[in-house]
Amino acid sequence: MAQPLDLAAVRSFTNLEFLARQLVEGFITGLHQSPYHGFSVEFSEHRLYNPGESTRHLDWKVFARTDKLFVKRYEEETNLRCHLLLDVSPSMYYPAPGHDKLLFSVLCAAALTTLLQKQRDAVGLVTFADTVELQTPVRSTSTHRHTLLLTLQQLLERPAPRGGAGTNVAGVIHAIAQQIPKRSLVVLFSDMLGRAPAEQDETLAALQHLRHQHHEVLLFHIMDRATEADFSFQDRPYLFEDLETGQTLKLQPSQVREQYQAAMRRYEQELSLRCGQYKIDFVPVDTREPFDKVLHAYLIKRGKVRG
């Protein structure tokens, strides 16, 4: 079973590209030994070796790890265009350096980029907060993957912003929906915390816009569940700060815990329900869980859209 990663150790790792490759190789090896076996053969560009055929394309590295013979598959055409949308707003730096939602999302995006390029699929990266900060081309080359991973590495090295205009998830998604010319897979990493609760409907409408443009959508709702959903704080006074606006509020957690938990359940249920109505894959993710959940969800989505 996969174990949660030491995110603090990841932050100190200077070569995100090497780390992503190691994680992907371990993930694929695990798939060969799991109920996802049918997916893994296709996904890692391998098929089982048939006795009597040429051994020229046998993958001896996979054999060493799994004690099974697999033949490498070669597909020259690009099968998929994928746009990775990464929320880099102030709230994504919660709860603390080395354990934050942004670090978890960057690691997942790096692994997905590596998986996509391994399949010769085209991938592009968009980072955003109140507006789009960066939008790369969508390409399938190893050089492009290297550039994307360097960009992701740089995100880990910059300091956390303090306050600001907040997150405009809806506006960014509307803009991206207008700019993507071909049917694509759009993968969104975000805590979905906007500038005001009333903006939830606008965000959902923006996600519907992507579906209206015939794009497949995979939404990873990134949270630190212990504190952001369960409100698990010690029973003493705290000064809470809104990382998006800088506003502060002093209170005792026990005084509001039940109301807070109920409000969060309603929010998540509504988000999940509406995504289901729009045929958007909604995956709640806890940063304290193994990141493999993200890769499994992508793998299942890949099985749906490929063809």
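Preceding this section is the structure that the text describes.
Residues numbered from 1 in each chain as written. Predicted model: local features only at pLDDT ≥ 70, side-chain atom pairs only at ≥ 80, totals over all residues. Heavy atoms only, no water.

A few points about the packing of aromatic side chains
Step number 1: Counted under the stated rule, the structure contains 8 aromatic pairs.
Step number 2: Geometrically, the ring pair formed by Phe-189 and Phe-220 is stacked, given 5.2 Å between the ring centres and 15° between the ring planes. You can see Phe-189 sitting in strand β6 (residues 185-190) and its partner Phe-220 sitting in strand β7 (residues 216-223), a full 31 residues away along the chain.
Step number 3: You can call Phe-189 buried: its relative accessible area is 0%.
Step number 4: Their ring planes at 25° and their centres at 5.5 Å tell us that Phe-231 and Phe-240 sit as a pair that is stacked.
Step number 5: Given a relative accessible area of 7%, Phe-231 falls into the buried group.
Step number 6: Members of the aromatic cluster, connected to one another through ring pairs, are Phe-231, Phe-233, Tyr-238, Phe-240 and Tyr-260.
Step number 7: Over the aromatic face of Tyr-238 sits the side chain of Arg-236, whose NZ or CZ is 4.0 Å from the ring centroid. (Phe/Tyr/Trp six-rings, centres within 6.5 Å; stacked < 30°, edge-to-face > 60°. Helix = DSSP H or I, 4+ residues; strand = E, 2+ residues; numbered from the N terminus. Buried < 20%, exposed > 50% of the residue type's maximum accessible area, 1.4 Å probe, protein only. Lys NZ or Arg CZ within 6 Å of the ring centre and 35° of its normal.)

Focus: the packing of helix α7 (residues 169-179) against helix α8 (residues 200-212)
Step number 1: Across the interface, α7 lies against α8 with an axial gap of 8 Å and an inter-helix angle of 15°. Our classification of the angle between α7 and α8 gives roughly parallel. As α7 runs across α8, the sense of the crossing is left-handed. Across the interface between the two elements, Val-169, Ala-170, Ile-173, His-174, Ala-177 and Gln-178 of α7 pack against Glu-202, Thr-203, Ala-205, Ala-206, Leu-207, His-209 and Leu-210 of α8. (Axes fitted to C-alpha atoms, helices over the stretch in contact; angles between N-to-C directions. Parallel < 35°, antiparallel > 145°, perpendicular 65-115°, else oblique. Left-handed = near helix turned anticlockwise from the far one by under 90°. Contact = heavy atoms within 4.5 Å.)

Quick look at the sheet that holds strand β4 (residues 122-128)
Step number 1: Strand order across the open sheet formed by 6 strands is β5-β4-β3-β6-β7-β10, with mixed pairing between neighbours. Since the sheet does not close on itself, it has two edges, and those belong to β5 (132-135) and β10 (281-286), each with one partner. This sheet shows a mean twist of 15° between the axes of neighbouring strands, independent of strand direction.
Step number 2: The sheet contact formed by β7 and β10 spans 6 bridges and is parallel. Its bridge partner lying in β10, Leu-219 is registered against Phe-282. (Pairing = 2+ DSSP bridges.)

Examining a nonpolar patch on the surface
Step number 1: Taken together, the side chains of Trp-60, Phe-63 and Leu-69 present a nonpolar region at the surface, about 280 Å² in accessible area.
Step number 2: By the element assignment, Leu-69 lies in the loop between α4 (60-66) and β2 (70-72).
Step number 3: According to the relative accessible area criterion, Leu-69 is partly exposed, its value standing at 31%. (Patch = residues over 30% accessible without salt bridge, like charges linked within 9 Å, V, L, I, M, F, W, Y side chains within 5 Å. Areas by Shrake-Rupley, 256 points an atom, 1.4 Å probe, with all protein chains shown as cover. Salt bridge = Lys/Arg side-chain N within 4 Å of Asp/Glu carboxyl O.)

Quick notes on the nonpolar core
Buried together is how nonpolar side chains tend to be arranged in soluble globular proteins.
Step number 1: Judged by nonpolar contacts, the single largest core of 44 residues is most densely connected at Leu-86, Leu-112, Leu-152, Val-187, Phe-189 and Phe-220.
Step number 2: Considering every element that reaches this core, the biggest residue donor is helix α5 (residues 101-118), with 12 residues.
Step number 3: The residues contacting Phe-189, other than those within four sequence positions of it, are Leu-85, Leu-86, Asp-87, Met-92, Ser-105, Cys-108, Ala-109, Leu-112, Phe-220, Ile-222 and Val-294.
Step number 4: Leu-85, Ala-170, Ala-177 and Ile-280 belong to the second-largest nonpolar core, a separate cluster that totals 28 residues. (Core = buried A, V, L, I, M, F, W, Y, C linked by side-chain atoms within 4.5 Å.)

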